[in-house]
Amino acid sequence: MKFVICDDESIYLKKIEKLIINYFKQYQHEVPKIFKFTNGQELKDSLKENCYDFAYIDIELLDMNGLDLAKEIMDSNSKTLVTFITSHNQYVSKAFTLQAFQYINKPIDVELFEKELKRAINIYKHFNITIPIKTKEKYVYCNPKEIIYVESYYRKVNVMTVENTAPIRTTNSLKSLMELLNDYNFIQTHQSYYVNMFYIKEIGKNYINLKTKKSLPMSPKKRNYVLSQFNIYLNK
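In short, a report on the structure. Sequence order as written defines the numbering, with residues in each chain counted from 1. In view of the model being predicted, local features appear only for residues whose pLDDT reaches at least 70, and side-chain atom pairs are presented and counted only at 80 or more, with totals across whole chains, interfaces and linings using the full set of residues. Hydrogen atoms and water are omitted, and side-chain values are computed over all heavy atoms in the structure.

**Notes on the side chain of Lys-106**
Filter applied, for reference: Comment: elements are numbered from the N terminus, with helices defined as DSSP H or I runs of at least four residues and strands as E runs of at least two. In protein, a polar contact means a hydrogen-donor-capable atom and an acceptor-capable atom, both N or O and within 3.5 Å, with residues adjacent in sequence counting only if both atoms are side-chain atoms; elsewhere, any N or O pair within 3.5 Å suffices. Here a residue-residue contact requires only that any non-hydrogen atoms of the pair lie within 4.5 Å.
Its location among the elements puts Lys-106 in the loop between strand S5 (102-105) and helix H5 (110-127). Within the structure, the side chain of Lys-106 is placed 3.0 Å from the side chain of Glu-9, a separation counted as a polar contact. Excluding residues within four positions of it along the chain, Lys-106 makes contact with Asp-7, Glu-9, Tyr-12, Asp-58, Ile-85, Thr-86 and Ser-87.

**Thoughts on the nonpolar core**
The condition is simple: Within this scheme, the nonpolar core is defined by two criteria: the residues are buried Ala, Val, Leu, Ile, Met, Phe, Trp, Tyr or Cys, and they are joined through side-chain atoms within 4.5 Å. Any residue under 20% of the maximum accessible area for its type is buried, any over 50% is exposed, and the rest in between are partly exposed; the area is computed with a 1.4 Å probe on protein chains only.
Residues Phe-3, Ile-16, Ile-20, Phe-54, Tyr-56 and Phe-113 are the most contacted members of the largest nonpolar core, which totals 22 residues. Per-element tally for this core: the top contributor is helix H1 (residues 10-26), with 7 residues. Once you skip the residues sitting within four places of it in the chain, Ile-16 turns out to touch Ile-5, Tyr-56, Ile-85, Ile-108 and Phe-113. Grouped together as the second largest cluster of nonpolar side chains are 21 residues, Ile-57, Phe-84, Ala-100 and Tyr-103 included.

**Focus on the packing of H1 against H5**
Note the following rule: Lines fitted to C-alpha atoms define the axes, with helix axes restricted to the stretch in contact, and inter-axis angles between N-to-C directions lie between 0 and 180 degrees. Angles are sorted into four bins: roughly parallel if under 35 degrees, roughly antiparallel if over 145, roughly perpendicular if 65 to 115, and oblique for all others. The crossing is said to be left-handed when, going from far helix to near helix, the turn is anticlockwise and less than a right angle, and right-handed when the turn is clockwise. Three classes are used, and their members are as follows: Ala, Val, Leu, Ile, Met, Phe, Trp, Tyr, Cys and Pro are nonpolar, Asp, Glu, Lys and Arg are charged, and the others, Gly among them, are polar.
For the pair H1 and H5, interaxial distance at closest approach is 11 Å and the crossing angle is 60 degrees. On the basis of the axis angle, H1 is oblique to H5. Between H1 and H5 the crossing geometry is right-handed. Residue-level inspection shows Lys-15, Ile-16, Leu-19, Ile-20, Tyr-23 and Phe-24 of H1 in contact with H5, the latter providing Val-110, Phe-113, Glu-114, Leu-117, Lys-118 and Ile-121. For the contact of H1 with H5, the class distribution of residues is 9 nonpolar, no polar and 3 charged.

**What about the sheet that holds strand S11 (residues 186-190)?**
Using the following cut-off: At least two DSSP bridges between two strands are required for those strands to pair.
What the 5 strands build is an open sheet, ordered S10-S9-S8-S12-S11; its pairing is antiparallel. Where the open sheet ends on each side, the last strands, each with one partner, are strand S10 (168-170) and S11. Taking each pair of neighbouring strands and ignoring which way they run, the sheet shows an average axis angle of 25 degrees. In this sheet, S10 lies alongside strand S9 (residues 156-161) in antiparallel orientation, the contact comprising 3 bridges. Pairing of Val-157 across the sheet is with Thr-170, part of S10. Helix H6 (residues 174-181) contacts strand S8 (147-153), S9, S10, S11 and strand S12 (193-196) of the sheet and is inclined by roughly 160 degrees relative to S8.

Pasting the structure below:
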């Protein structure tokens, strides 16, 4: 998740950031990346390198109209959930013409902000499916497409993802993760491995090679089953 806030009043820039951080900490979620800008042009320039999921925009910025800026953001990523934070009610109709997610007045009502943040996150999750992976400290939410494989090793379960070079050490059991990932083209190649078929490059007699250049063991008893299921997957 990536959040962006743009407001030329630093007090609101900090307040919105704090509300977002507090919300995620309250529900024991990993705090997302939050980008902050005091002028629209800087945010606009950042769109060349960043794609934002949530945007909180002041409509009357000093250097440009927040409505125009929101259009630039949504042109960059049509799924961005844009919330306007402003004290100017005359822009409400124009804001919703842009299909903005919400319009919140200044001064910010904390209860309303948290309620709408929760609603925005639920919408985001609906379109960006994630599964909860429990660690000792927190929950990590991963898109099944980004999970390469799950490994059980001496009663320790690791989740290897595209984003992390080091595995996520989880307190979930292999069985529970298999249930969560059952509908996302994963296959058990060995009693200790559950693999995303998207990343399978080659199937040998007692191993599989992944596109990531990693080689994993495969039970000879499972070879025919793996070949059969992999062929079905490729022909979908």
